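# Observations on chain architecture
The lines below spell out each chain.
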Amino acid sequence: MTAAREYAPGEARVIPIESAPSWHGSGEQGHLADRIAEAVGGALAGPLGSAATRAFGKGWEGRAANGLAFLRRRITGDYEVDEFGFDRELTEEVFLSLLRPLAEKYFRVEVRGVENIPAEGGALIVANHSGTIPLDALMTQVAIHDHHPQQRHLRMLAADLVFVMPVAGELARKAGHTLACNEDAQALLERGEVVGVWPEGFKGIGKPFSERYKLQRFGRGGFVASALRAQVPIVPCSIVGAEETYPMIGNAKTLARLLGLPYVPITPTFPWLGPLGAVPLPTKWTIQFGEPIATDSHPPEAADDPMLVFNLTDQVRETIQHTLYKLLVQRRSVFF
């Protein structure tokens, strides 16, 4: 991409379409994409040019060209997804871009210890779960991508409920998430991916506010068995701030059963304020990645040793719990 040139007042601006990444595709989709790109480019190159400069500053032509190239690739299908449905380009250009202001400006997430995540190869991130709505998982995804030197992508293991929900299930696949099962976890880890798991599940995000920052059971340790088989390190992750975004003071259990949901939360603002009650409180977050726990000192078949799996699971859980207590002691305010 060439540097943006200077324009005189009133001079027509030309969107440098030819300098954008190569476009492929044929047929009706390709022609439709061409017409859309030409229409948008023509509008920006005409009377809207001056307004675009005032609104977006110098260099908007290059950004517009990249945007038009992205639009065309989406229309023509000229993009790649892996066997799990992960769409890297859509995740980086759309999903993370939408989540980033929430992480940086609203929750003001402070990330610590990201250097404990290896620069390459597989790793299993194990974190505490909280907040009624699993925003903590999404903020962890942003934190790893934006703060890790290699901008690694977190492949999250999600509950079955996520993938049976309309729209949400497809978006989750596109963002790199997959079912929370040992087979998928091990396959991703063996491919060298960074995999995230929240072993508390709905017990964690749906616990009452009175039990905040008290870890629930970690299940049978299936995540530890997957890490042992793949011979990858386990990185404990402690998240402070998510518990207070939606303080859950009650649970409409009857309504939850009717809707087939694990819980229907009652908070100080929901359902009393209607849609406004769904706005999370602007708490200050800290995400800390602890020192990795090595698994390669054990042979892969050690995953079938229930006592070893239990001990490692308990070690991970205790590490996260102690770190949470330390972070809470250091915290001066929930909001600042």
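All values reported here derive from a predicted model rather than from experimental measurement.

What counts and how
- Residues numbered from 1 in each chain as written.
- Predicted model: local features only at pLDDT ≥ 70, side-chain atom pairs only at ≥ 80, totals over all residues.
- Heavy atoms only, no water.
- Buried < 20%, exposed > 50% of the residue type's maximum accessible area, 1.4 Å probe, protein only.
- Helix = DSSP H or I, 4+ residues; strand = E, 2+ residues; numbered from the N terminus.
- Contact = heavy atoms within 4.5 Å.
- 1 Å grid on protein atoms, 1.4 Å probe; cavity = no way out; pocket = protein on both sides within 12 Å on 5 of 7 lines; lining within 4 Å.
- Points joined across faces, edges and corners; volume = space filled by probe spheres on them.
- Nonpolar A, V, L, I, M, F, W, Y, C, P; charged D, E, K, R; others polar.
- Patch = residues over 30% accessible without salt bridge, like charges linked within 9 Å, V, L, I, M, F, W, Y side chains within 5 Å.
- Areas by Shrake-Rupley, 256 points an atom, 1.4 Å probe, with all protein chains shown as cover.
- Salt bridge = Lys/Arg side-chain N within 4 Å of Asp/Glu carboxyl O.
- Axes fitted to C-alpha atoms, helices over the stretch in contact; angles between N-to-C directions.
- Left-handed = near helix turned anticlockwise from the far one by under 90°.
- Parallel < 35°, antiparallel > 145°, perpendicular 65-115°, else oblique.

## Concerning helix H10 (residues 222-230)
When you tally the buried positions in H10, you get seven out of nine residues, the bulk of the element. All of the buried residues along H10 are Phe223, Val224, Ala225, Ser226, Ala227, Leu228 and Ala230. On its buried side, H10 packs onto strand E2 (123-127), helix H8 (182-190), strand E5 (194-197), strand E6 (234-240) and helix H12 (306-330). Taken from the residues just after H10, Gln231 is the one with a positive phi, measuring 60°.

## A closer look at the layout of surface pockets
Reported here for the largest pocket is a volume of approximately 1,200 Å³. Pro134, Val162, Met165, Phe202 and Ile205 are the residues nearest the centre of the largest pocket, which is lined by 36 residues in total. For the lining of the largest pocket, the secondary structure elements donating two or more residues are helix H4 (88-106), helix H5 (135-147), strand E3 (154-158), helix H6 (160-164), helix H7 (168-174) and helix H9 (202-205). In this structure, the second largest pocket occupies an estimated 230 Å³ of space. The wall of the second largest pocket is formed by 13 residues, among which Ala180, Asn182, Gly221, Gly222 and Phe223 lie closest to the centre. Contributing elements (two or more residues each) for the lining of the second largest pocket: H8 and H10. In the lining of the second largest pocket, the residues fall into eight nonpolar, four polar and one charged.

## Structural notes on a nonpolar patch on the surface
A cluster of nonpolar side chains, contributed by Leu255, Leu258, Leu259 and Leu261, occupies part of the molecular surface with about 400 Å² of accessible area. By secondary structure assignment, the location of Leu259 is in helix H11 (residues 253-259). Taking the relative accessible area as the measure of exposure, Leu259 reaches 52% and is therefore exposed.

## Remarks on the packing of H8 against H10
Relative orientation of the contacting elements H8 and H10 amounts to 35°, with a least axis distance of 9 Å. Between H8 and H10 lies a crossing whose hand is right-handed. Residues Asn182, Ala185, Gln186, Leu189 and Glu190 of H8 pack against Gly222, Phe223, Ser226, Ala227, Arg229 and Ala230 of H10. Of the residues belonging to the contact of H8 with H10, the class tally is five nonpolar, four polar and two charged.

## Digging into empty space enclosed by the protein
Within the structure shown, the criterion is met by two cavities of 30 Å³ or more. Here the largest cavity is characterised by a volume of approximately 40 Å³. Forming the boundary of the largest cavity are Gly131, Thr132, Ile205, Lys207, Pro208, Phe209, Glu243, Tyr246 and Met248. Classifying every residue of the lining of the largest cavity gives five nonpolar, two polar and two charged. Estimated volume of the second largest cavity: approximately 30 Å³. Lining the second largest cavity we find Asn128, His129, Ser130, Glu200, Lys207, Tyr213, Lys214, Leu215, Glu243 and Leu324. For the lining of the second largest cavity, the residue count by class is three nonpolar, three polar and four charged.

## Some thoughts on the packing of H10 against H12
H12 packs onto H10 with a crossing angle of 110° between their chain directions and a minimal axis gap of 9 Å. Accordingly, the angle class assigned to the pair H10 and H12 is roughly perpendicular. Where H10 abuts H12, its residues Phe223, Val224 and Leu228 lie against Leu308, Val309, Leu312, Thr313 and Val316.

Purely geometric numbers; function is a separate question.
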